[in-house]
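This is what each chain is made of:
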Amino acid sequence: MSFELSEDHQMIRDSVRDFAERHIAPDAIERDQKKEFPHQIIQMLADQGLLGIYHSEEYGGSGFDTVSFCLALEEIARWDASVALTVASHTSLASGHIALAGNHQQKKKYLTPLAKGEKLGGWCLTEPGSGSDSSNLSTMATKEGDHWILNGSKTFITQGSVGQIYVVLAKTDPEKGTKGISAFIVEREWDGVKPGKPIHKLGMNTSDTAEIIFDNVKVPEKNLLGELNQGFVDTMKVLDGGRIGIGAISVGIARGALEESMKYAKERKQFGKPIGDFQAIEHKIVNMATEIDAARLLVHRAAKSKDLEKPFTKEASMAKLFASEMAERAALEAVQIHGGYGYTKEYHVERFLRDVKLMTIGEGTSEIQRLILAREIKKEMGYYQ
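Here the structure is a predicted model, which means the values were calculated and not measured.

**Student:** Even after reading the chapter, I still don't get the nonpolar core, so can you show me in this structure?
**Tutor:** In a soluble, globular protein the nonpolar side chains are often hidden away together inside. Ranked by internal contacts, the top residues of the largest apolar core, which has 69 residues, are Leu45 and Ile249. Element by element, the count of residues in this core is highest for helix H7 (residues 231-267), at 11 residues. Discounting residues that sit within four places of it in the chain, Ile249 has contacts with Leu73, Ala77, Ala81, Ala84, Leu85, Ala88 and Met359. Core analysis: the next-biggest nonpolar cluster, separate from the first, contains 37 residues, Ile98, Ile165, Val168 and Trp190 among them.

Next up, the structure:
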């Protein structure tokens, strides 16, 4: 197994790093405080091909792999996790579901503008009464002639109020449980689609999160995504891929915490010398750096497994679980290293700490990841035999 990045991977990493330092970093604190969605930056990322980085060139994507996607997310998240979350959710969830389950016509009509960044996508799974229990949906789709009538509400939808194309999960045969859920492609401008007010959050302030209401929305039969009643099966596959992205964002946040801490520890002097010369600070830095490397390796392993079309449920959950909790520790340590200044909004680390908490919640909480991993590890070790 090689741990070296290919020339293409190095090129993507370096180009996105340069972009992030020039266009994302300078106003990151100000954007967070104003809670403004970064339309201009997202369009610039689209122009760079990053909103469809691993989708097929046939459908408007850049044709790179999942490792490339992870490298890009890390570089963006190092400065602004909100922007990285927008890229990740758009690419791996909304357009990712269409790439996974869509037919040629659906991919041409919907995946192409999403991959090119001409339109933003939102993936509509979570509801007010269903979070970790993602199959407990209330949203219903009822067949009427050559259309489906969609009714229900979704919440915590990333790109909920700025998206133009939604993938919506709904019950189509309530008696069948998880085998009675289907996915539909829904356009925002259709009658009955009502994006709600943005949800105000602890962090990720420039990532758009909103409720969406579907009131007797008439969905053409041709917009059924994948097979009827197989939407939940596809959803689990989409979530596996999404967890890799969350792992990469977590690594980016943690790396930002480490780099900002190292910079501060070198400049800040106490008792006549830089605080970075004190063993207590050195140990914090060492722990952060070691765990970041370990998390990145887990993320890249999961990404490589996905690219090789190998089963990667366990790898994705391990990467997401370890990287998200590692990043939370790193952000806390960064604030501690900065002392009182770390508690102010003048330094990036305060924002990192607020942003990072979502990483242990989104795409399946840490508790859900441990449930998944317990099942996968037992299966792997013959526990069920």
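**Student:** What is the right way to read the pattern of salt bridges from this model?
**Tutor:** Two side chains that carry opposite charge are able to pair once their charged atoms sit near each other. In this structure the tally under the stated criterion is 28 salt bridges. Among the ionic pairs, Asp240 bridges to Arg243, the shortest N-O distance being 3.4 Å. Here the residue Asp240 and the residue Arg243 both occupy positions in helix H7, the gap between them amounting to 3 residues, near one helical turn. Comparing Asp240 with Arg243, the two get one shared label, buried.

**Student:** Would you mind showing me how to read the packing of aromatic side chains here?
**Tutor:** For any pair of aromatic rings, geometry is given as the distance between the ring centres together with the angle between the planes. Summed over all chains, the structure comprises 7 aromatic pairs. Ring centres of Tyr264 and Tyr347 lie 6.0 Å apart, and the angle between their planes is 90°; this geometry places the pair in the edge-to-face category. Separated by 83 residues along the polypeptide, Tyr264 in helix H7 and Tyr347 in the loop between helix H9 (313-338) and helix H10 (348-356) bring together distant segments of the chain. The exposure class of Tyr264 is buried, given its relative accessible area of 8%. On the numbers, 5.4 Å between centres and 90° between planes, the contact of Tyr383 with Tyr384 is edge-to-face. According to the relative accessible area criterion, Tyr383 is exposed, its value standing at 55%. Grouped by ring-pair contacts, the aromatic residues Tyr264, Tyr341 and Tyr347 constitute a single cluster.

**Student:** Honestly, the UniProt feature "domain: Acyl-CoA dehydrogenase/oxidase N-terminal" (unreviewed entry) in the protein chain in this entry has me stumped. Any pointers?
**Tutor:** Under the local residue numbering, the UniProt record ascribes the feature "domain: Acyl-CoA dehydrogenase/oxidase N-terminal" (unreviewed entry) to residues 6-118. When the span residues 6-118 is considered, its composition is 71% helix and 0% strand, and the gap between its end C-alpha atoms is 30 Å.

**Student:** Mind showing me how you'd approach the environment of Ser153 here?
**Tutor:** Position of Ser153 among the secondary structure elements: in strand S3 (residues 147-158). Relative accessible area serves as the criterion here: at 23%, Ser153 is assigned to the partly exposed category. C-alpha of Ser153 to C-alpha of Asp18: the two residues are 135 residues apart in sequence and 40 Å apart in space. In contact with Ser153, other than residues within four places in its own chain, are Glu127, Pro128, Thr139, Glu211, Ile212 and Ile213.

**Student:** What's the story with the side chain of Glu363 in this structure? I'm lost.
**Tutor:** Summarising the element assignment, Glu363 is placed in the loop between H10 and helix H11 (366-380). Salt bridges are absent for the buried Glu363, whose nearest opposite-charge side chain, Arg243, sits at 6.3 Å. Those residues in contact with Glu363 that lie beyond four places of it in its chain are Leu93, Leu239, Gly242, Arg243, Ile246, Lys320 and Gln369.

**Student:** Even after reading the chapter, I still don't get the side chain of Lys154, so can you show me in this structure?
**Tutor:** Tracing the backbone shows Lys154 in strand S3. For Lys154, a relative accessible area of 0% translates into the label buried. Of the polar contacts made by the side chain of Lys154, one reaches the backbone oxygen of Leu125; its length is 3.2 Å. Within the structure, the side chain of Lys154 is placed 2.9 Å from the side chain of Glu127, a separation counted as a polar contact. When residues no more than four places from it in sequence are discounted, the contact partners of Lys154 are Cys124, Leu125, Thr126, Glu127, Leu137, Thr139, Val168, Leu169, Ala210, Glu211, Ile212 and Phe214.

**Student:** Looking at this structure, how should I read the environment of Lys176?
**Tutor:** Topologically, Lys176 is positioned in the loop between strand S4 (165-171) and strand S5 (181-187). Considering only alpha carbons, one finds Lys176 and Val193, 17 residues apart in sequence, at a separation of 27 Å.

Basis of the calculations
- Residues numbered from 1 in each chain as written.
- Predicted model: local features only at pLDDT ≥ 70, side-chain atom pairs only at ≥ 80, totals over all residues.
- Heavy atoms only, no water.
- Core = buried A, V, L, I, M, F, W, Y, C linked by side-chain atoms within 4.5 Å.
- Buried < 20%, exposed > 50% of the residue type's maximum accessible area, 1.4 Å probe, protein only.
- Helix = DSSP H or I, 4+ residues; strand = E, 2+ residues; numbered from the N terminus.
- Contact = heavy atoms within 4.5 Å.
- Salt bridge = Lys/Arg side-chain N within 4 Å of Asp/Glu carboxyl O.
- Phe/Tyr/Trp six-rings, centres within 6.5 Å; stacked < 30°, edge-to-face > 60°.
- UniProt positions renumbered as here; feature names shortened; annotations may be inferred.
- Lys, Arg positive; Asp, Glu negative; His and termini not counted.
- Polar contact = N/O pair within 3.5 Å; in protein donor to acceptor, adjacent residues only side chain to side chain.

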